[in-house]
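Here is how the chains run, residue by residue.
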Amino acid sequence: MVPVEGSARLEGGARSAGDAVAVPVGGGRARAGLEIDHSEPLGSRVAISRAGRRPPAHSSHRKQDVCSRRAEVWRGARSRSRDWPSRGLVRLCPMARSLYYSRGQFVSYRMNDERGFMTQLEARQVKAIELDILTELDRVCREHQLSYALAYGTLIGAMRHSGFIPWDDDIDVYMPRDDYEKLYDLWKQGALGGHYSLVSYRDRTSINSYCKLVDTRTRAVESFLDESAGTLGLWVDIFPLERVDITDPAVHRTAKKEHRLVWWKYIAASNPRYATSALRRVVKYMLYPITYFADLYAISRKQDEMARACHRSAVSDADNERYVLLLDDVMSRNIIRPDELFPTRTASFEGREFAIPAQAEKLLQDYYGNWQEVPPEDQRPPAHVRSVEWVGEQPYAD
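Residues numbered from 1 in each chain as written. Predicted model: local features only at pLDDT ≥ 70, side-chain atom pairs only at ≥ 80, totals over all residues. Heavy atoms only, no water.

A short note on the overall build of the protein chain
Move 1: A tally of regular secondary structure across the protein chain gives 10 helices and 12 strands.
Move 2: With 398 residues in all, the protein chain has 54% of them scored as buried.
Move 3: Carbon and sulfur atoms form 54% of the exposed surface of the protein chain, whose accessible area is close to 18100 Å². (Helix = DSSP H or I, 4+ residues; strand = E, 2+ residues; numbered from the N terminus. Buried < 20%, exposed > 50% of the residue type's maximum accessible area, 1.4 Å probe, protein only. Areas by Shrake-Rupley, 256 points an atom, 1.4 Å probe, with all protein chains shown as cover.)

Next up, the structure:
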């Protein structure tokens, strides 16, 4: 799940005033004449190359005589000397980036590498892959006695639709911090299937402070984030719940700091081109130069360290024991009593059984209000992804 403007999640996991638009994005080398710049590091914020201005990376290895090499170097120097103003402008000015992207003159190499079979996936295929990811998470949790529970829009889907909310396209789960860390260790030991991976700030595979379980055979462009922040496979969001003494003032101080960091990070990572109104777009463009150079991985690390500092393996006074979410959203809306969460029970989701909180109905009522009523179309959140491609070594099969 990715936050957008607003403090509360809508059905489907988005927030109340989401800045996302479901816009199809072309893949492959659909735009003629583009050369992909593979020299930029994978974790860089910008990895773009001017069409036709830079020779392919492998060209330097070709056997050429001295004169032709000198000529190529001279031509490259002249091109770069002519091109540096536009390159600098694109890196510093988001509005210029938007213009060049829209005109097809610049493109992120992450969206255009030639690895495996590239197939644009439909909504039903996206949901089928996400369901398989959730099934893999459930398998590992069962085998190793780890606890988890469906959360947010996924939980509404299970309770009201026995599956996905029709307009939703992601899956969210809660997991107690102790089990969350065990899952991370199990992944490093190879307990997950070969094409599944946990991504997070910890190994700089994601800017998020929490883990996502992804299918590495897919590549999704998130609606809320700038392309230069990276692309992931389709995912299941795993939100760690901290066990805390709710009367501890330090917990509430941390919650306020976490909330500020969440907004700072996602303003920095958001794409100013996508907004729900002209005013919001202007505000994003104004803030973008300030937040553009923020170290998103460092912010996520700080978030996670503060959250873990609040976690307790046990709380002396059982009446004050609560599970809270500190890494995302607002803590005051995510305070769960132990008996509301455990023991988990199961519910049908797309024909398969998954764990849900013990008092799922109460949690949904506290968070959403009348969750059983289907909201009108104009109150439904936008999609979480703009496009999804299959990039596996084998072609996608339904």
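Don't stop here, the text continues.
Observations concerning the nonpolar core
Move 1: Residues Leu134, Leu137, Leu150, Val173, Leu198, Ile238 and Phe349 are the most contacted members of the largest nonpolar core, which totals 76 residues.
Move 2: If one sorts the elements of this core by residue count, helix α3 (residues 123–143) sits on top with 8 residues.
Move 3: When residues no more than four places from it in sequence are discounted, the contact partners of Ile238 are Leu137, Val173, Met175, Tyr180, Leu183, Leu198, Tyr210, Cys211 and Leu213. (Core = buried A, V, L, I, M, F, W, Y, C linked by side-chain atoms within 4.5 Å. Contact = heavy atoms within 4.5 Å.)

Some points on the environment of Val388
Move 1: Tracing the backbone through its elements, the reader meets Val388 in strand β12 (residues 385–390).
Move 2: Classification of Val388 as buried rests on a relative accessible area of 3%.
Move 3: Taking the C-alpha atoms as reference points, Val388 and Thr119, separated by 269 residues in sequence, lie 8.4 Å from one another.
Move 4: Beyond its immediate chain neighbours, meaning those up to four positions away, Val388 contacts Thr119, Gln120, Leu121, Val126, Thr218, Arg219, Ala220 and Leu234.

Considering the sheet that holds strand β1 (residues 119–120)
Move 1: With respect to topology, 3 strands assemble into an open sheet ordered β1-β12-β6, the strand pairing being antiparallel. In this open sheet, the two strands that pair with only one neighbour each are β1 and β6 (218–222).
Move 2: The sheet contact formed by β6 and β12 spans 5 bridges and is antiparallel. Residue pairing across strands places Arg219 opposite Glu389, the latter belonging to β12. (Pairing = 2+ DSSP bridges.)

Thoughts on helix α8 (residues 296–310)
Move 1: Helix length check: α8, at 15 residues, gives a terminal C-alpha distance of 22 Å against a target of 21 Å (1.5 Å per residue), a fit within 8%.
Move 2: Inspection of α8 places Leu296, Tyr297, Ile299, Ser300, Gln303, Asp304, Met306, Ala307 and Cys310 among the buried residues, and these make up the whole buried set.
Move 3: Along its buried surface, α8 packs onto α5 (177–188), β7 (235–245) and α6 (249–269).
Move 4: Of the residues flanking the start of α8, the one acting as N-cap is Asp295, its side-chain oxygen 3.2 Å from the backbone nitrogen of Tyr297. (Expected span 1.5 Å × (residues − 1). Polar contact = N/O pair within 3.5 Å; in protein donor to acceptor, adjacent residues only side chain to side chain.)

Structural notes on a nonpolar patch on the surface
Move 1: Taken together, Trp264, Leu279, Val283, Leu287 and Ile290 make up a surface patch of nonpolar side chains, about 480 Å² in accessible area.
Move 2: If one sorts the elements of the nonpolar patch by residue count, helix α7 (residues 278–291) sits on top with 4 residues.
Move 3: Inspection of the secondary structure puts Trp264 in helix α6.
Move 4: The class of Trp264 is partly exposed, set by a relative accessible area of 38%. (Patch = residues over 30% accessible without salt bridge, like charges linked within 9 Å, V, L, I, M, F, W, Y side chains within 5 Å. Salt bridge = Lys/Arg side-chain N within 4 Å of Asp/Glu carboxyl O.)

Examining the pairing of strand β4 (residues 196–199)
Move 1: Neither face of β4 is exposed, since Tyr196 and Leu198 on one face and Ser197 and Val199 on the opposite face are all buried.
Move 2: Taken together, the 4 bridges between β4 and strand β5 (residues 211–215) define a ladder with antiparallel strand orientation. Pairing of Tyr196 across the sheet is with Asp215, part of β5.

Examining the packing of aromatic side chains
Move 1: For the coordinates displayed, the defined rule picks out 10 aromatic pairs.
Move 2: Ring geometry for Tyr152 and Tyr174: centres 5.5 Å apart, planes at 65°, overall edge-to-face. Linking Tyr152 in helix α4 (residues 152–161) with Tyr174 in strand β3 (residues 171–176), this pair joins segments that are 22 residues apart in sequence.
Move 3: Measuring from ring centre to ring centre gives 6.0 Å for Tyr152 and Phe239, while their planes differ by 90°; the resulting arrangement is edge-to-face. On the criterion of sequence distance, the pair formed by Tyr152 in helix α4 and Phe239 in strand β7 is long-range, its members being 87 residues apart. (Phe/Tyr/Trp six-rings, centres within 6.5 Å; stacked < 30°, edge-to-face > 60°.)

Thoughts on the pattern of salt bridges
Move 1: Enumeration according to the criterion identifies 21 salt bridges in this entry.
Move 2: When the shortest N-O distance is used, the salt bridge between Glu181 and Arg202 registers 2.9 Å. Placement of Glu181 in helix α5 and of Arg202 in the loop between β4 and β5 is noted, with a sequence separation of 21 residues between them.
Move 3: Linked by salt bridges that have partners in common, Arg177, Glu181, Arg202, Glu242, Asp304 and Arg308 make up one network.

A short note on the side chain of Glu136
Move 1: Structurally, Glu136 can be placed in helix α3.
Move 2: Setting aside chain neighbours within four positions, we find Glu136 in contact with Ala191, Leu192, Gly193 and Tyr196.

What about the pairing of strand β11 (residues 352–356)?
Working note: regular strand, side chains alternate between the two faces of the sheet.
Move 1: Strand direction decides the pairing type here: strand β10 (residues 345–349) and β11, joined by 5 bridges, are antiparallel. Bridge pairing in β11 links Ala347 to Phe354.
Move 2: Where β10 hands over to β11, the hairpin turn is made up of 2 residues, of which Glu350 adopts a positive phi near 55°.

Some thoughts on the packing of α6 against α7
When two helices pack together, their arrangement is given by the angle between the helix axes and the distance between those axes.
Move 1: Interhelical geometry of α6 versus α7 gives an angle of 100° and a closest axis separation of 8 Å. When the axes of α6 and α7 are compared, the pair comes out roughly perpendicular. Facing α6, whose interface residues are Trp264, Ile267 and Ala268, α7 presents Leu287, Ile290 and Thr291.
Move 2: Among the residues making up the contact of α6 with α7, the classes are represented as 5 nonpolar, 1 polar and no charged. (Axes fitted to C-alpha atoms, helices over the stretch in contact; angles between N-to-C directions. Parallel < 35°, antiparallel > 145°, perpendicular 65-115°, else oblique. Nonpolar A, V, L, I, M, F, W, Y, C, P; charged D, E, K, R; others polar.)

Brief notes about the environment of Glu377
Move 1: As for its position among the elements, Glu377 is in the loop between α10 (360–368) and β12.
Move 2: On the accessibility criterion, Glu377 (64% relative accessible area) is exposed.
Move 3: Spatially, the C-alpha atoms of Glu377 and Trp167 are 9.5 Å apart, while their sequence positions differ by 210 residues.

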